[in-house]
Amino acid sequence: MPKFYLTTAIDYSNGDPHLGHALEKVGADAIARYRRLRGDDVTFLMGMDEHSQAVVEAAEQNGYSPEAWVERMALRFAEFWERLQCSHDDWIRTTEPRHRQAVTELIQRIERLNPDDLYTGEYEGLYCVGCEEFKQPAQIVDGRCIEHPTLELVPTKERNHFFRLSRYRDALLGRIRSGELAVEPAIRRNEILRLLEDGLQDISVSRQRLSWGIPFPGDPEQTVYVWFDALINYLSATGYPAEGYQRLWPADLHVVGKGITRFHCVIWPAMLLAAGLALPRKVWAHGYVQWEGAKMSKTTGTAVTLGEAIDRHGPDALRYFLLREVGFEADGNFSWERFDERYTADLADGLGNLASRALAMLSKYRDGVVPAGGEPTSLDGAGAATLEQYGEAMDALDLRGGAEAAWGLVANANLYIQQTAPWKLAKEAREEELDASLAALARVLYRLAVLVSPFIPGKAQALWEALGVGGSAASASWTSLAAPPVEGVSIRKPEPLFPKPASV
RNA sequence: GGCAGGGUAGCUCAGGUGGUUAGAGCACGGCACUCAUAAUGCCGGGGUCGUGGGUUCGAGUCCCACCCCUGCUACCA
């Protein structure tokens, strides 16, 4: 059983989770669930990034100590991920001892293996008060920050520890070009390659005067810069440096937002190279959720809370909408109108109604017992084709394509019902044909329950239980999809899977 | 400012290397059916393919200019 270790970005403890966070977690969760279906030994990691100045400020503003604040935020995030049925196997927080230990050890390991890679220096640069960060030449036009052209840049000096990132340009370029470190989708890969081609500068990896962080090894005056700290969480969760961490490391997939690809595709792999550790196999950078066509800002981001979006049609529906309509590659749009349309068309009238009509006919014409099927039908042929298309899309992390494939089978099933017209067969007592049709429908429901389970795990399970095959949709074997073992099982007519309120 | 990607039906998008009446899904209109959450199936209306030039027998599909949008532009989760 091959291991599959995947991670999401850990979330910053300075605000509530919103739709953007949710897209990433739900997307990674769908991938984790799909890998489990395919038989991988999956370890799925999520967590919280709890250090940095911004967290201290958020805590102060809300009248909490940093410790109490991050504790509160972690519970809040975890609660949402639970509602959205995220199936993570581990939950890491950067304030945990296991993480502090891994960070300390990793830095010491770099000092040991490549003593030249870490050095102290004066960081001297132009600081933009608007951005609260040092600006680089490329971001300065006419002596001013591009983002804040009305503000003067302030020359600032600070003693820091530096990481010799510049040394790793060629190594990174080679590994990304060769695909040894896969960066996807292609647009992100191109961006990173261009960045590398332009050359790298060393980066400062510590901060003075900030006590809320991990002490820099050998220099208690400084703490580890939040990014250098945060990235290491993926390694901390494997148990590093304790023996056995190689069972999980290297990670098979880091799922991150497109805004932080550079950290994951340049800084993080360079850190690992310096420490002589294996690089992650793949980084996937998803796009952002836009709200009614506009970028989600702090103001519009709070216009729709994650809680509201979940309450609208339930967690499964939100997961489906994010992955099918918003998408996991480019930016996508979220609007109530589209959400309602998708809910009605794909979930209620599509999958939900298909389940209702098929189960109702099994119940009505065969007392709820799935008859022997006989020969595979055209619907089984469509099922096999769907399986292939679905697997291909999901393997490529094309979640939208996977959902399209599964829902295409819903359409095939509805068409099959129309064509075979079981009610007509029943009236004319054409028993064998009726058996064949109803058995084919039971098989398609079995296939669908499994295929949609990465997207809508809760409803997939409800459908599974209505079918009465036992066990769970999530743990069904992939090979059983070729010939679903439904003959003779007793189905149970469920409540509508996706009820349609009069208002929608 | 630099670099990259994009602007195709009301909405979301397909349309390698130019070639018959420009496609899909959703939404909309009509018909059929009744097993189903008035659901489903069939048919149909609907597009000057961002703008202006050019190459060509022929261009969403190639070239030039322009307009608009998005992303990246190193310490922003």
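Residues numbered from 1 in each chain as written. Chains lettered and ligands numbered in written order. Predicted model: local features only at pLDDT ≥ 70, side-chain atom pairs only at ≥ 80, totals over all residues. Heavy atoms only, no water.

Caption draft 1: Just the overall build of chain A, in detail. Of regular secondary structure, chain A possesses 18 helices and 19 strands. Its C-alpha radius of gyration of 26 Å places chain A within 12% of the 23 Å reference for a compact globule of 504 residues. Principal-axis analysis of the C-alpha atoms gives chain A an extent of 90 × 45 × 40 Å. Taking all contacts inside chain A whose residues are at least 6 apart in sequence as the whole, residues at least 24 apart take part in 76%. Surface accessibility of chain A: about 21400 Å² in total, with carbon and sulfur atoms responsible for 49%. (Helix = DSSP H or I, 4+ residues; strand = E, 2+ residues; numbered from the N terminus. Rg over C-alpha atoms; globule rule 2.2 N^0.38 Å. Contact = heavy atoms within 4.5 Å. Areas by Shrake-Rupley, 256 points an atom, 1.4 Å probe, with all protein chains shown as cover.)

Caption draft 2: Looking closely at the pattern of salt bridges. Counted under the stated rule, the structure contains 38 salt bridges. The shortest N-O distance in the salt bridge between D116 and R164 comes to 3.5 Å. Of the two residues, D116 sits in the loop between α4 (97-113) and β5 (118-128) while R164 sits in the loop between β9 (154-163) and α5 (169-178), which places them 48 residues apart along the sequence. Residue classification places R164 among the partly exposed residues on the basis of a relative accessible area of 21%. Where salt bridges share partners, they join R324, E325, R338, E341, R342 and D346 into one cluster. (Salt bridge = Lys/Arg side-chain N within 4 Å of Asp/Glu carboxyl O. Buried < 20%, exposed > 50% of the residue type's maximum accessible area, 1.4 Å probe, protein only.)

Caption draft 3: Local environment of the sheet that holds strand β12 (residues 206-208). Strand order in the open sheet formed by three strands is β12-β14-β13, and the pairing between neighbours is antiparallel. Among the strands making up the open sheet, the edge pair consists of β12 and β13 (215-216). (Pairing = 2+ DSSP bridges.)

Caption draft 4: Looking closely at the nonpolar core. In this structure, W81, L318, F334 and W407 are the most contacted members of the largest nonpolar core, which totals 107 residues. Considering every element that reaches this core, the biggest residue donor is helix α17 (residues 431-452), with 13 residues. Judged by nonpolar contacts, the second largest core, of 55 residues, contains I107, L173, L200 and L272. (Core = buried A, V, L, I, M, F, W, Y, C linked by side-chain atoms within 4.5 Å.)

Caption draft 5: Representation of the pairing of strand β3 (residues 41-49) within the structure. Most of β3 sits out of view: eight of its nine residues are buried. Bridge count for strand β2 (residues 11-12) against β3 is two bridges, and the pairing is parallel. Bridge pairing in β3 links D11 to M48. Sheet topology note: the β3/strand β4 (residues 90-93) ladder contains four bridges and is parallel. Bridge assignment links M48 to a residue of β4, and that residue is R93.

Caption draft 6: Just the packing of aromatic side chains, in detail. Applying the stated criterion across every chain yields a total of 22 aromatic pairs. Measuring from ring centre to ring centre gives 5.6 Å for Y119 and F162, while their planes differ by 15 degrees; the resulting arrangement is stacked. Residue Y119 is located in strand β5, and its partner F162 is located in strand β9; the two are separated by 43 residues in the primary sequence. Judged by relative accessible area, which is 25%, Y119 ranks as partly exposed. (Phe/Tyr/Trp six-rings, centres within 6.5 Å; stacked < 30°, edge-to-face > 60°.)

Caption draft 7: Fine view of α4. Relative to the 24 Å expected for 17 residues at 1.5 Å per residue, α4 spans 24 Å between its end C-alpha atoms, a close match to the ideal helical length. Within α4 the residues assigned to the buried category are H99, A102, V103, E105, L106, I107 and I110. (Expected span 1.5 Å × (residues − 1).)

Caption draft 8: Local environment of the confidence of the model for chain A. Overall, the predicted model of chain A reaches an average pLDDT of 88, with 92% of residues at or above 70. Across the interface, the model reports ipTM at 0.85; the global pTM reads 0.92. (pLDDT = per-residue confidence, 0-100.)

Caption draft 9: Geometry of helix α18 (residues 457-467). Considered for burial, the residues of α18 that qualify are P457, A460, Q461, L463, W464, A466 and L467. Tucked inside the fold, the buried residues of α18 contact α1 (19-37), α12 (315-326), α13 (336-366) and α17. Count one or two residues on from α18 and you reach G468, which has phi positive near 75 degrees.

Caption draft 10: View of the side chain of D117. Note that D117 resides in the loop between α4 and β5. Judged by its relative accessible area of 0%, D117 is buried. Reaching out from D117, the side chain makes a polar contact with the side chain of Y168 at a distance of 2.4 Å. If we skip the residues at most four places from it in the chain, D117 touches I110, F162, F163, R164, R167, Y168 and A274. (Polar contact = N/O pair within 3.5 Å; in protein donor to acceptor, adjacent residues only side chain to side chain.)

Caption draft 11: Representation of the environment of R164 in the model. Taking the C-alpha atoms as reference points, R164 and K282, separated by 118 residues in sequence, lie 23 Å from one another. Excluding anything up to four places from it in sequence, R164 contacts D116, D117, Y119 and D202. In this structure the side chain of R164 is engaged in a polar contact, spanning 2.8 Å, whose partner is the backbone oxygen of D116.

Caption draft 12: Quick peek at the packing of helix α3 (residues 66-83) against helix α11 (residues 306-313). Contact geometry for α3 and α11: axes closest at 11 Å, N-to-C directions at 20 degrees. Judged by the inter-axis angle, α3 sits roughly parallel to α11. Crossing angle aside, the handedness with which α3 passes α11 is left-handed. Residues F80, W81 and R83 of α3 lie in contact with α11, whose contacting residues are L306, G307, I310 and D311. The class makeup of the residues in the contact of α3 with α11 is four nonpolar, one polar and two charged. (Axes fitted to C-alpha atoms, helices over the stretch in contact; angles between N-to-C directions. Parallel < 35°, antiparallel > 145°, perpendicular 65-115°, else oblique. Left-handed = near helix turned anticlockwise from the far one by under 90°. Nonpolar A, V, L, I, M, F, W, Y, C, P; charged D, E, K, R; others polar.)

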